[in-house]
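# Architecture and fold: a report
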Amino acid sequence: MILGGRSVVASRGFLLSVTRFVMGCAASQENSIATVSSSSNTTTTSTSNNSQKWAISRAPQGSQPINKNLTQVAAIHTSSMDSGSSTVQFPSPRGSLTTAVSSSSSGAQRKMSADSERSLHTRPLTDTAVIHKTQTSTMSTGAGDSPAYQAIERGSLYSLDYRVFIKGPQGIVSPWHDIPLFADKDKSIYNMVVEIPRWTNAKMEMATKEPFSPIKQDEKKGVARFVHNIFPHKGYIWNYGALPQTWEDPNHVVPDTGAKGDNDPIDVIEIGSKVAGRGAVLQVKVLGTLALIDEGETDWKLVAIDVNDENADQLNDISDVEKVYPGLLTATVEWFRNYKIPAGKPANEFAFNGDYKNRDYANKVIGETNEFWKALMKEASPALNTISHVPEAVHQATDEAVTAAVESTPEHGASAALPGDVDKWHFVQG
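Residues numbered from 1 in each chain as written. Predicted model: local features only at pLDDT ≥ 70, side-chain atom pairs only at ≥ 80, totals over all residues. Heavy atoms only, no water.

Across its full length, the chain holds four helices and 28 strands. With 430 residues in all, the chain has 56% of them scored as buried. Accessible surface computed for the chain: about 18,500 Å², of which carbon and sulfur atoms make up 51%. (Helix = DSSP H or I, 4+ residues; strand = E, 2+ residues; numbered from the N terminus. Buried < 20%, exposed > 50% of the residue type's maximum accessible area, 1.4 Å probe, protein only. Areas by Shrake-Rupley, 256 points an atom, 1.4 Å probe, with all protein chains shown as cover.)

Right, dumping it as structure tokens:
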């Protein structure tokens, strides 16, 4: 019998054992280190190219060390608009952006335990810095290790001043423009920037109108946006983000959908088994795409899998998803159709009657949006911010621009209060 959380087993008149057990839910993210906490629960969580090997210290595959000191690497990694290849320059180090990270613990690696989704809501400061995790790519492309990317938080989570800048080997970069589209072009492996971890509610996106496009919380009428929980889902049901170096041109009518682009990088849902950190850079296989029609605009939703996921080898096209994750594609259509209804909006619509297009079709869509992005980078007066290290870009990044962008945001501080209904469960019929 069970008494007060203890398992008591009796046999032939004597007590054999009393053992306390604690059942927990653990989630871990390979290759990233982060810290996540709330007032009641504490949770700890956390490109490559074929021609350049980076001289930077990285964690070996499968390990998660906490670096006592992180120092700026001076090599400049500039992504090519044509092939995703890279060049290297060596300017003077940006000493003002060198940051030390210390750990108050014994230095052992931290692991993520998800007591509740609310524990994923807040991320405290580390002891001395705003770098909250190290994201290290581990997929080999046959040409050495990939560069490491770090997410740097500024402002207060869940407030409109919150920003996540991305730091690469060369310093602060634009996750939209400077991270290459391809991790391995020959194998059609893409880089994905994670904006929203699975199970969370805060609606985050790259700030396409700001220098270096940091991740920020979306807003509506001056209020931070959160998605509702619609039965049986909790927050976002996948890791959600975007492909760099893509743009859905709002002046282009997509022939197959009859609607213009939505003026953003192309969205990705990563369906693997791990919860990714906000600002993580994953290397993914794209399996297919869904064509959401959002307020009259074409809003592609690519379906992808992290190449390091335990099930990645089983997933190569959209037809494989139902075999490995039965029900997920149907749930995804349901989620996108209904997620705005609790806010008083109508259900979303889809092109192709809500059917998914396969991997080949998705790759063509990506190629087209990459061409739109290349054209955007060459505009002298673009409506969006195109400051970057991309050699062909009209608006080139400088050390002064980096400093100004980061210092225009407040220091990372305590998280803002969450809306009272963020954990409310909504039931939608139809």
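Turning to the pairing of strand 12 (residues 163-168), a few remarks are in order. Along strand 12, six of the six residues are buried, which leaves the element largely enclosed by surrounding structure. Of the two faces of strand 12, the one lined by Arg 163, Phe 165 and Lys 167 and the one lined by Val 164, Ile 166 and Gly 168 are each fully buried. Here strand 11 (residues 148-154) pairs with strand 12 via five bridges, running antiparallel. Note that in strand 12 the partner of Arg 154 across the bridge is Arg 163. As paired strands, strand 12 and strand 17 (residues 215-217) are joined by two bridges and run antiparallel to one another. Residue pairing for strand 17: Val 164 is matched across the bridge by Ile 215. (Pairing = 2+ DSSP bridges.)

This part covers the packing of aromatic side chains. Taken as a whole and judged by the stated rule, the model has 16 aromatic pairs. Ring plane angle 40 degrees and centroid distance 5.0 Å describe the contact between Tyr 236 and Trp 335, whose orientation is recorded as tilted. Taken together, the residues span a long stretch of sequence, with Tyr 236 in the loop between strand 20 (229-230) and strand 21 (239-242) and Trp 335 in helix 2 (residues 328-338) at a distance of 99 residues. Judged by relative accessible area, which is 2%, Tyr 236 ranks as buried. Between Phe 352 and Tyr 361 the ring centres are 6.0 Å apart and the planes differ by 85 degrees, which places this aromatic pair in the edge-to-face class. (Phe/Tyr/Trp six-rings, centres within 6.5 Å; stacked < 30°, edge-to-face > 60°.)

For Asn 229, the position within the fold is in strand 20. Polar contacts involving the side chain of Asn 229 include one to the side chain of Lys 234, which spans 3.4 Å. Of the polar contacts made by the side chain of Asn 229, one reaches the backbone nitrogen of Gly 235; its length is 2.8 Å. Apart from residues lying up to four places away in sequence, Asn 229 is in contact with Asn 201, Lys 234, Gly 235, Val 422, Asp 423, Lys 424, Trp 425 and His 426. (Polar contact = N/O pair within 3.5 Å; in protein donor to acceptor, adjacent residues only side chain to side chain. Contact = heavy atoms within 4.5 Å.)

Grouped together as the largest cluster of nonpolar side chains are 57 residues, with contacts concentrated most on Trp 238, Ile 271, Val 321, Tyr 325, Trp 335 and Phe 336. A total of six residues in this core trace back to one element, the largest contributor, which is helix 2. Beyond its immediate sequence surroundings of up to four residues, Tyr 325 is in contact with Ile 271, Gly 272, Ser 273, Ile 305, Asp 309, Asn 311 and Leu 315. (Core = buried A, V, L, I, M, F, W, Y, C linked by side-chain atoms within 4.5 Å.)

Glancing now at helix 4 (residues 399-407). If you check which residues of helix 4 are buried, you get Val 402, Ala 405 and Val 406. Summarising the axial view, the buried residues of helix 4 lie within an arc of 95 degrees, below the 170-degree limit, and thus occupy one face. The exposed set on the far side of helix 4, more than 90 degrees from its buried face, consists of Glu 400 and Glu 407. On its buried face, helix 4 is in contact with strand 11, strand 12 and strand 13 (171-173). (Arc of directions from axis to C-beta.)

Moving on, we get to helix 3 (residues 359-377). Compared with an ideal rise of 1.5 Å per residue, which puts 19 residues at 27 Å, helix 3 spans 27 Å between its outermost C-alpha atoms and is within 8% of the ideal. Between a side-chain oxygen at the N-terminus of helix 3 and the backbone nitrogen of Asp 360 the separation is 3.3 Å; the capping residue is Asn 358. (Expected span 1.5 Å × (residues − 1).)

Inspection of the entire model under this criterion finds 12 salt bridges. Glu 411 is the partner of Arg 154 in a salt bridge, and the nearest nitrogen-oxygen pair spans 3.4 Å. Pair noted here: Arg 154 is in strand 11 and Glu 411 is in the loop between helix 4 and strand 28 (425-426), with a separation of 257 residues, a long-range link. Here Arg 154 falls in the buried class, since its relative accessible area comes to 9%. Residue classification places Glu 411 among the exposed residues on the basis of a relative accessible area of 57%. Ionic contacts of the salt-bridge type, sharing partners, join the residues Asp 294, Glu 295, Lys 340 and Lys 345 into one network. (Salt bridge = Lys/Arg side-chain N within 4 Å of Asp/Glu carboxyl O.)

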